[in-house]
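Structural overview
These are the residues of each chain, in order.
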Amino acid sequence: MELAAFAERARAIEAESADTDIVERVTDLLETAGADLPVVARYVQGRVFPAHDSTKLDIGPALCYEAIAKAAGRNVTVDDVEERVADVGDVGEVAARYDFGGQQGLAAFGAGAGAGDGDGNGAGGADDLTVAEVDAQLRDLAATEGSGSRDTKRDILFGLFNRAGDDEARYLARLVLSEMRIGVGDGAVRDATADAFDVPVGEVERALQVTNDHGEVAVVAREEGLDGLESLGLEVGRPVGAMLAQAGTVTEALDDWEAAAVEWKFDGARVQVHYDGEETALFSRNMEAVTDPLPEVVEFVEDALDAPAILDGEVVAVADDGSPLPFQEVLRRFRRKHDVAKAREDVLVEFRAFDCLHADGDDLLDRPLVERHNRLEAALGDAGAEALSALTVSDDPDGIADIEAEALEAGHEGIMLKNPESAYTPGRRGKQWLKRKPDVETLDLVVTGAEWGEGRRAELLGTFEVSARTDDGFAPLGKVATGITDEELEALTELLEPHVLGEDGADVDLDPAVVFEVGYEEIQTSPTYAAGYALRFPRFLGVRDDIDPADADSLERVERLAERQ
Ligand code: AMP
């Protein structure tokens, strides 16, 4: 396919606004792309390389402007180009408006009307750029390194612009600066691939998730149809998108699932480990290769694993005593290109594994989380056990709160709640993984009642009714039973016993004398409480012995907070 033909279609796509029209035009483009299908499927969404490929062009605006200025002729300087881009706001438009070297000659012979809109694109001459040629040149450009590479890159780019007509230059400039912006995203190419080659869109989606390569998926769909797509799987060494989490609450998790798989949330940086049985490759959340900066993770992996695997986890920085360091410390290690050995002395990192996508020949994406976690544990074995993120399946909010308290105590960020039955969906931010929302503003509430504990705790008060202040008394908002250690229960019992007004079975009526700081996930309207509000997932954070009941939070403040939610 000639670049001019691609540019003409890109222009037509850009002119559409409705999604269905865009998909229709992309479908047509894919159908006519011939041998250039893999390249065209990427270029149309502004990608030169597949998403899993860390190769970069490394072309900044300055270099691109230099190439444009050089191709535009002696009278044009880099500053001119820069000014125009600042003015017009689109490097493509600026590139399209210049008359580039080779085309001036062609235009003089009237050969410039090939792109259908008479704007001076090349028209089938021997020197016309093809998509394949652009691709080859851009790959050469990306491979250029070492001293003098900047000039070489600029010259390759100049060579391309020098032979480009208006629209070719428009999309070339945008492509190399990752500013294609013709309204074609992953979804449009996915739908167009399904339409063009008559395969189910769901299967195209799955194939994209495991390969991260629109080009490859389009070719397989065209040549091998549904069977071919189904046979595409994970490949050790080729990263997939990380499954992502959204903010959520324990209540949501337990409402939606029978039980939640609870894990500590480590404050580090996401890493996908690929071990092929001999070598290890590490990838960041954006699928960038991060193997070189993290040698101790590579050493750990090669020590622990004895069969090929793809693991998902977090790399955390740790202090000498093993406690976690802030996440910025990890980032410093990630970015480090030189003197890695020195960096390693300064900041030690460790791997925490929480998922397993592939183990010893088996793709596990479709398997339930709990099963994947078992495979992870088996893959890590004794040698890697210290890296395994502990997973507890629980339907008990108190138990979950205890895990959270432990996580915070150990210096971590909090907890993750995951659907134990859920599959691994690469690159998706779904509702199957929730990072527990941090508590909203806490409330200082008066303890107006309590309940004696059970069994081992029968001598201790265990559950505390907490209330907001009203004009003429106190309005209960909920019962706090979580977030309290045994020692704290003893101290609280001692503190509250002098204020007991009366008892009825396990229920204790208390004189309002003690104030608790209470955390919660949400204030909800409640038909059962007289105040009309109740706290969701209330937790004990501490005694406010500096505050009198008369200064505790009022019901009015609770109402205001509820409205703000
Ligand atoms: P956030 O970056 O705030 O969206 O939180 C989600 C991120 O937490 C994930 O992308 C991981 O990098 C990180 N994380 C830490 N611990 C875990 C865990 N146990 N399970 C999943 N993700 C985790």
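Values in this document were obtained by computation on a predicted structure and should not be read as measured data. (Residues numbered from 1 in each chain as written. Predicted model: local features only at pLDDT ≥ 70, side-chain atom pairs only at ≥ 80, totals over all residues. Heavy atoms only, no water.)

Right, let's talk about helix α20 (residues 486-496) for a bit. For α20, every residue scored as buried is listed here: Leu489, Leu492, Thr493 and Leu496. For α20, the arc enclosing every buried residue in end-on projection is 105°, short of the 170-degree limit, so these residues lie on one face. Opposite the buried face of α20, at more than 90 degrees from it, the exposed residues are Glu487 and Glu494. Those residues of α20 that are buried are in contact with β11 (443-452), β12 (461-470), β14 (500-504), β15 (507-510), β16 (515-519) and β19 (539-543). (Buried < 20%, exposed > 50% of the residue type's maximum accessible area, 1.4 Å probe, protein only. Helix = DSSP H or I, 4+ residues; strand = E, 2+ residues; numbered from the N terminus. Arc of directions from axis to C-beta. Contact = heavy atoms within 4.5 Å.)

So, about the side chain of Thr144. One can find Thr144 in the loop between α8 (131-143) and α9 (149-162). Apart from residues lying up to four places away in sequence, Thr144 is in contact with Ser149, Thr152, Lys153 and Ile156.

The residues that UniProt annotates with the feature "active site" (unreviewed entry) are Lys265. Mapped onto the secondary structure, Lys265 falls in strand β2 (residues 260-265). The contact partners of Lys265, leaving out residues within four places of it in the chain, are His412, Glu413, Gly414, Ile415, Met416 and Lys435. A distance of 2.6 Å separates a polar atom in the side chain of Lys265 from a polar atom in the side chain of Glu413. (UniProt positions renumbered as here; feature names shortened; annotations may be inferred. Polar contact = N/O pair within 3.5 Å; in protein donor to acceptor, adjacent residues only side chain to side chain.)

We now examine the sheet that holds strand β9 (residues 414-418). Taken in spatial order, the 5 strands line up as β1-β10-β9-β2-β8 in an open sheet, and their pairing is mixed. At either end of the open sheet lies a strand with only one pairing partner, and these are β1 (244-248) and β8 (392-394). Across the sheet, the mean angle from the axis of one strand to that of its neighbour is 40°, orientation sign disregarded. Relative to β8, β2 runs antiparallel, the two sharing 3 bridges. (Pairing = 2+ DSSP bridges. Axes fitted to C-alpha atoms, helices over the stretch in contact; angles between N-to-C directions.)

This next bit is on the packing of aromatic side chains. Enumeration over the complete set of coordinates arrives at 8 aromatic pairs. On the basis of an interplanar angle of 50° and a centroid distance of 5.6 Å, the ring pair of Phe100 and Phe161 is categorised as tilted. You can see Phe100 sitting in the loop between α6 (91-97) and α7 (101-108) and its partner Phe161 sitting in helix α9, a full 61 residues away along the chain. The same class applies to Phe100 and to Phe161, which are both buried. Pairing Phe516 with Phe540 gives two aromatic rings, centres 4.8 Å apart and planes at 75°, and the pair type is edge-to-face. Residue Phe516 is found in strand β16, and its partner Phe540 is found in strand β19; the two are separated by 24 residues along the sequence. Classification of Phe516 by relative accessible area gives buried; the value is 0%. (Phe/Tyr/Trp six-rings, centres within 6.5 Å; stacked < 30°, edge-to-face > 60°.)

Residues in contact with the ligand, as listed here, are Glu263, Trp264, Lys265, Phe266, Arg270, Arg285, Glu314, Phe354, Met416, Lys418, Trp433 and Lys435. At 2.9 Å, a backbone N or O of Trp264 approaches a nitrogen atom of the ligand. Note that an oxygen atom of the ligand is positioned 2.5 Å from one of the side-chain N or O atoms of Glu314. When the free accessible area of the ligand is taken as 500 Å², the share hidden by the protein chains comes to 87%. Elements with a contribution of two residues or more to the shell around the ligand: β2, β9 and β10 (429-436). For the shell around the ligand, the leading source of residues is β2, giving 3 residues. (Near = heavy atom within 4 Å. Areas by Shrake-Rupley, 256 points an atom, 1.4 Å probe, with all protein chains shown as cover.)

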